[in-house]
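# Observations on the three-dimensional arrangement
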Amino acid sequence: IVISVLNVLLNVGFYSFLLKLLCGQKERTIFYDLFYGFKCYPGKAILLYLLTSLYMLPGTLIYVIGIFIFTFVIYASAGVSMDLMLTGTVPPDMTLMLAVLIVVIILTLLFAVYATFISSTYALVYFLLLDYPELSATEIWRKSAQLMKGNRLRYIGLILSFIPWFLLNL
C-alpha cells in the first residue's frame, strides 16, 4: 500500500515535470518538480488512485476467484481429494495441468481486456489533476472517462507502439 501511494505521488510529479518540458518551460523545470505530487494535491491524487482501483476490484476478484474455482472443479472432476489439493501434494497429471493452464490463459486474456479498458478510460486523471486542480476527484475521474470516450483505441495503439522499445530495453 505504501509503495502504491508513493508511486502515485511520484507519477504526479513526473507528469508535472513532463508537462513543463512539453509546454516550453524548460528553463523553469528543475529536479524538484519530480516531487510535486507530495507538495500539491496528494490527497486528490491518492483518492483518484483509490477510485480507479475500486473500479478494477470486481474484475480482479472475478479473475482470482475464477482461477481458484476452475482449478478446484477440474481437479475435483478428476477425483483428486480436497486433502491433496489443500496440502499441495496433487499428483502430476499432464491432462489436468493442461486443462488448468488453458483456463488460466483464457481468464488472463479476459482480465487483460477488462484491465486495458479500465486503465485506458482513466488514463488522463493525473494530467487532469494538474490542469484542473479546482475540480474534485470524482469530477476529474468522470472528465477522464468523457475525454477518452472514442479515443480508447488510439490510446491503446499508442501504448502498444512502445512494445518494441520495451523489448529493446530488455
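See the structure shown above.
For clarity, every value in this text was computed on a predicted model and none was experimentally measured. (Residues numbered from 1 in each chain as written. Predicted model: local features only at pLDDT ≥ 70, side-chain atom pairs only at ≥ 80, totals over all residues. Heavy atoms only, no water.)

### A word on the environment of Ile67
Mapped onto the elements, Ile67 comes out in helix 3 (residues 42-77). Sequence-wise, Ile67 and Thr138 are 71 residues apart; in three dimensions their C-alpha atoms are separated by 32 Å. What Ile67 contacts, discounting residues up to four positions off in sequence, is Val104 and Leu107. (Helix = DSSP H or I, 4+ residues; strand = E, 2+ residues; numbered from the N terminus. Contact = heavy atoms within 4.5 Å.)

### Observations regarding the packing of helix 5 (residues 94-121) against helix 8 (residues 152-160)
Their axes nearest at 10 Å, the elements helix 5 and helix 8 cross at an angle of 105 degrees. When the axes of helix 5 and helix 8 are compared, the pair comes out roughly perpendicular. Between helix 5 and helix 8, the residues in contact are Thr116, Phe117, Ser120 and Thr121 and Arg152, Tyr155 and Ile156, respectively. (Axes fitted to C-alpha atoms, helices over the stretch in contact; angles between N-to-C directions. Parallel < 35°, antiparallel > 145°, perpendicular 65-115°, else oblique.)

### Here's the deal with the packing of aromatic side chains
Applying the stated criterion across every chain yields a total of ten aromatic pairs. Aromatic pair Tyr55 and Tyr122: ring centres 5.6 Å apart, planes at 85 degrees, arrangement edge-to-face. Here the residue Tyr55 occupies a position in helix 3, and Tyr122 occupies one in the loop between helix 5 and helix 6 (125-131), the gap between them amounting to 67 residues. Joined through ring pairs, the aromatic side chains of Phe14, Tyr15, Tyr126 and Phe127 make up one cluster. The positively charged end of Lys143 is found above the aromatic ring belonging to Tyr132, 5.2 Å away from the centroid. (Phe/Tyr/Trp six-rings, centres within 6.5 Å; stacked < 30°, edge-to-face > 60°. Lys NZ or Arg CZ within 6 Å of the ring centre and 35° of its normal.)

### Regarding a nonpolar patch on the surface
Together, Leu158, Leu160, Phe162, Ile163, Trp165, Phe166, Leu167, Leu168 and Leu170 make up a nonpolar patch on the protein surface, roughly 1,100 Å² of accessible area in all. It is helix 9 (residues 163-169) that provides the largest number of residues to the nonpolar patch, a total of five residues. As for its position among the elements, Leu168 is in helix 9. Using a relative accessible area of 63% as the deciding quantity, one classes Leu168 as exposed. (Patch = residues over 30% accessible without salt bridge, like charges linked within 9 Å, V, L, I, M, F, W, Y side chains within 5 Å. Areas by Shrake-Rupley, 256 points an atom, 1.4 Å probe, with all protein chains shown as cover. Salt bridge = Lys/Arg side-chain N within 4 Å of Asp/Glu carboxyl O. Buried < 20%, exposed > 50% of the residue type's maximum accessible area, 1.4 Å probe, protein only.)

### Some details on the nonpolar core
Counting 29 residues, the largest nonpolar core has Ala45, Leu48, Val125, Tyr126 and Ile140 as its most contacted members. For this core, the secondary-structure elements that each account for two or more residues are helix 1 (2-22), helix 3, helix 5, helix 6 and helix 7 (137-148). Looking at which element gives the most residues to this core, the answer is helix 3, with eight residues. If we skip the residues at most four places from it in the chain, Ile140 touches Lys44, Leu48, Val125, Leu128, Leu129, Tyr132 and Leu135. (Core = buried A, V, L, I, M, F, W, Y, C linked by side-chain atoms within 4.5 Å.)

### Quick look at the side chain of Thr121
Checked against the element boundaries, Thr121 lands in helix 5. Those residues in contact with Thr121 that sit more than four places away from it in its chain are Ser144, Ala145, Met148 and Arg152.

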